[in-house]
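Below, each chain spelled out in residue letters.
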Amino acid sequence: MTAAKNPCPDCASPPQLARRDFIRVLGASAAALAVGGLSPVSPLSPLQKARAARAEKQAQAEGLVVELFKSMDPDQKKKLVLPWDAPAKAGGLPARLVTVNAPVTKDSVIGLGYDKKQAELLDRIFRSICNGEEGYKRLSRNGKFDNSGAFENSGALLYGDPTEGKKFSLVFASHHLTVRCDGNSEEATAFGGPLYYGHSPKGFASTNVFAYQAKAVGAVFESLTEAQRKSTLLDNRKWTDDHGKMKLPAKDAKPAGLAYADMTREQKELTEKAMKELVSPYRKEDGDEVMEIVKANGGMEKLSLAFYKDEHTEKEGWSFWRLEGPGFVWSFRALEHIHTFVNIGSKLA
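Residues numbered from 1 in each chain as written. Predicted model: local features only at pLDDT ≥ 70, side-chain atom pairs only at ≥ 80, totals over all residues. Heavy atoms only, no water.

**Q** Where do I start with the pattern of salt bridges in this structure?
**A** Oppositely charged side chains can pair when the atoms bearing their charge come close. All chains considered together, the criterion is met by 13 salt bridges. Taking the shortest distance from any N to any O, the salt bridge between Glu134 and Arg138 comes out at 3.0 Å. With a gap of 4 residues between them, Glu134 and Arg138 both fall in helix α6 (residues 132–139), about one helical turn apart. Residue Glu134 is classed as partly exposed on the basis of its relative accessible area, which comes to 43%. Classification of Arg138 by relative accessible area gives buried; the value is 19%. Each of the salt bridges in this network shares a partner with another, and the network as a whole consists of Asp85, Arg96 and Glu186. (Salt bridge = Lys/Arg side-chain N within 4 Å of Asp/Glu carboxyl O. Helix = DSSP H or I, 4+ residues; strand = E, 2+ residues; numbered from the N terminus. Buried < 20%, exposed > 50% of the residue type's maximum accessible area, 1.4 Å probe, protein only.)

Encoded structure:
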């Protein structure tokens with residue numbers, strides 16, 4: 001079932017361094033140490049180091065993906081393994097990079113298309129991309145996967161070929177969630193591709209597992225002066241769910257809102273704190289890669305934050321916000337409930 005056919009119930013109805021490269025990088029580093037004697041100098045840039053760390057962490061999950069692939073029978077591979085460049089039905093992006101709101105096909109539902117042992121492997125892989133138990137709590141929406149009800153009702157599709165030297169991406173999809181384990185196959189891209197996450201309770205409610213993110217960015221809004229609010233709180237943009245449509249801003253893009261470079265020291269600190277909260281559900285290595293990509297694309301100074309109000313706006317004063325800059329967009333709707341779309345890449349760097 002595609003996102004279009006199964007919309008949110010509240011809306012309508014209920015690296016560059018892959019693992020193979022990581023080994024090569026370690027070899028190059030060892031050679032540099034041998035030449036340099038007692039004065040080792042790493043040949044890697046901060047972004048390359050971040051990707052190497054992510055590749056090492058990914059290798060742990062990659063082994064499980066290989067095990068999953070080997071356990072599939074021919075019929076499962078026919079239904080659950082798609083070509084790396086398989087096109088999306090709507091065109092545009094490859095299918096592996098499109099975010100969805102539900103399992104893509106009936107066969108991809110974990111409780112239907114996979115046996116018990118495979119479902120256990122998928123659960124371990126999913127947990128491997130979370131930042132510990134707290135991260136798992138957030139991304140699984142307290143283990144319920146929102147209105148999906150359980151992990152077994154979520155979907156999992158494999159794109160590519162998880163064998164040595166080949167690209168692959170295992171895409172998990174459920175209600176209000178699309179995340180990936182890709183073995184660092186997707187070049188110059190954080191998280192293996194665009195993210196989608198959300199939760200059905202109202203965005204500012206304590207029962208929403210992502211309310212802390214609304215609060216963290218909301219603290220920046222509360223710090224705005226009256227003059228800043230005139231250019232930062234906008235009402236000329238309607239919220240849209242950006243499944244398959246959220247492109248990376250151009251290198252010379254001038255996003256709306258308050259530029260980080262124009263913020264006060266306090267506001268910059270609040271924005272930096274919010275960034276840490278945004279990436280906190282995911283592995284530390286993923287968060288580090290995000291921040292290195294931001295630096296490679298010009299730093300926080302290139303980002304701008306805009307808040308928007310609409311017919312759902314309540315006492316908080318805004319319904320959604322968008323943090324945006326070269327190679328970076330994090331679009332977060334709090335009302336009526338949380339929908340979030342993320343796309344981050346260093347191709348513009």
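**Q** Where do I start with the packing of aromatic side chains in this structure?
**A** Aromatic ring pairs are reported here in terms of the distance separating the ring centres and the angle at which the planes meet. Per the stated rule, a full pass over the model turns up 18 aromatic pairs. Each member of the aromatic cluster is reached from another via a ring pair, and the members are Phe126, Tyr136, Phe145, Phe151 and Phe172. The ring of Phe69 has Lys77 lying over it, and the distance from NZ or CZ to the ring centre is 4.2 Å. The ring centre of Tyr212 lies 4.1 Å from the NZ or CZ of Arg138, which sits over that ring. (Phe/Tyr/Trp six-rings, centres within 6.5 Å; stacked < 30°, edge-to-face > 60°. Lys NZ or Arg CZ within 6 Å of the ring centre and 35° of its normal.)

**Q** Where do I start with the side chain of Gln267 in this structure?
**A** You can see Gln267 is positioned in helix α9 (residues 265–279). Contacts of Gln267, omitting those with residues within four sequence positions, involve Ser223, Leu224, Gln228 and Leu258. (Contact = heavy atoms within 4.5 Å.)

**Q** What is the right way to read the nonpolar core from this model?
**A** Soluble globular proteins tend to bury their nonpolar side chains together. Core analysis: the biggest nonpolar cluster contains 76 residues, and Phe126, Leu170, Trp321 and Trp330 have the highest contact counts within it. Setting aside residues up to four positions removed in sequence, Phe126 forms contacts with Tyr136, Leu139, Phe145, Phe151, Phe172, Leu177 and Val179. (Core = buried A, V, L, I, M, F, W, Y, C linked by side-chain atoms within 4.5 Å.)

**Q** Honestly, the packing of helix α5 (residues 116–128) against α6 in this entry has me stumped. Any pointers?
**A** The geometry of a pair of packed helices is captured by two quantities: the angle between their axes and the separation between those axes. The interhelical angle for the contact between α5 and α6, taken along N-to-C directions, is 105 degrees, at an axis separation of 9 Å. Of the possible angle classes, the one that applies to α5 and α6 is roughly perpendicular. Residues Asp123, Phe126 and Arg127 of α5 form the contact with α6, whose participating residues are Glu133, Tyr136 and Leu139. Counted by class, the contact of α5 with α6 contains 3 nonpolar, no polar and 3 charged residues. (Axes fitted to C-alpha atoms, helices over the stretch in contact; angles between N-to-C directions. Parallel < 35°, antiparallel > 145°, perpendicular 65-115°, else oblique. Nonpolar A, V, L, I, M, F, W, Y, C, P; charged D, E, K, R; others polar.)

**Q** Mind showing me how you'd approach α6 here?
**A** The complete set of buried residues in α6 reads Gly135, Tyr136, Arg138 and Leu139. The arc that holds every buried residue of α6, seen down its axis, measures 160 degrees, which confines them to one face. Taken from the residues just after α6, Arg141 is the one with a positive phi, measuring 55 degrees. (Arc of directions from axis to C-beta.)

**Q** Looking at this structure, how should I read the packing of helix α7 (residues 211–223) against α9?
**A** Packing of α7 against α9 brings their axes to within 9 Å, and their N-to-C directions diverge by 170 degrees. It follows from the interaxial angle that α7 and α9 lie roughly antiparallel. The residues of α9 that touch α7, namely those facing Tyr212, Gln213, Ala216, Val217, Ala219, Val220 and Ser223, are Glu266, Gln267, Leu270, Thr271, Ala274, Glu277 and Leu278. Tallied by class, the residues present in the contact of α7 with α9 amount to 8 nonpolar, 4 polar and 2 charged.

The values reported here are purely geometric and, on their own, carry no functional implication.
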